[in-house]
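Per-entry structural report
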Amino acid sequence: MSGGAGQRRLKKIAVSQLRLGMYLHAIEGPWLAHPFWKSSFVIDDPADLQRLRDSPATECWIDAARGLDVGAAAPTLVGSRAAAPASRRP
């Protein structure tokens, strides 16, 4: 897939593969199966990551163009939050 400005690079992965700095595009399953009112955001809070891992959801979609990919290096921690490559949108 070619990478262009604003182009999505969606990948379906197991929730267990999620980590800080990834852009969560969607969570598989009904919206009641996960702890968030929205499902598209950068995972930059360790507590959010743990809540996702503890939820009944088993698979999700990430956007590697807006956050870390599965094989990318982990972000460095700044205080209690990770420095994420994409900003959180309202």
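Residues numbered from 1 in each chain as written. Predicted model: local features only at pLDDT ≥ 70, side-chain atom pairs only at ≥ 80, totals over all residues. Heavy atoms only, no water.

Observations regarding the pairing of strand β2 (residues 23–27)
It is a general feature of regular strands that their side chains alternate between the two faces of the sheet. In terms of burial, β2 is largely enclosed, as four of its five residues are buried. For β2 and strand β3 (residues 41–42), the ladder comprises two bridges, and the chain directions are antiparallel. The residue of β3 that forms the bridge with Leu24 is Phe41. (Buried < 20%, exposed > 50% of the residue type's maximum accessible area, 1.4 Å probe, protein only. Helix = DSSP H or I, 4+ residues; strand = E, 2+ residues; numbered from the N terminus. Pairing = 2+ DSSP bridges.)

Describing the packing of aromatic side chains
Summed over all chains, the structure comprises zero aromatic pairs. Taking the ring centre of Tyr23 as reference, the NZ or CZ of Arg66 above it sits at 4.1 Å. (Phe/Tyr/Trp six-rings, centres within 6.5 Å; stacked < 30°, edge-to-face > 60°. Lys NZ or Arg CZ within 6 Å of the ring centre and 35° of its normal.)

Topic: helix α1 (residues 46–54)
Regarding α1, the residues found buried are Asp48, Leu49 and Leu52. Seen along its axis, α1 keeps its buried residues to an arc of 100°; they face one direction. Buried-residue contacts for α1 involve β2 and β3. The distance from a side-chain oxygen at the start of α1 to the backbone nitrogen of Ala47 is 2.9 Å, and the residue carrying that oxygen is Asp45. (Arc of directions from axis to C-beta. Contact = heavy atoms within 4.5 Å. Polar contact = N/O pair within 3.5 Å; in protein donor to acceptor, adjacent residues only side chain to side chain.)

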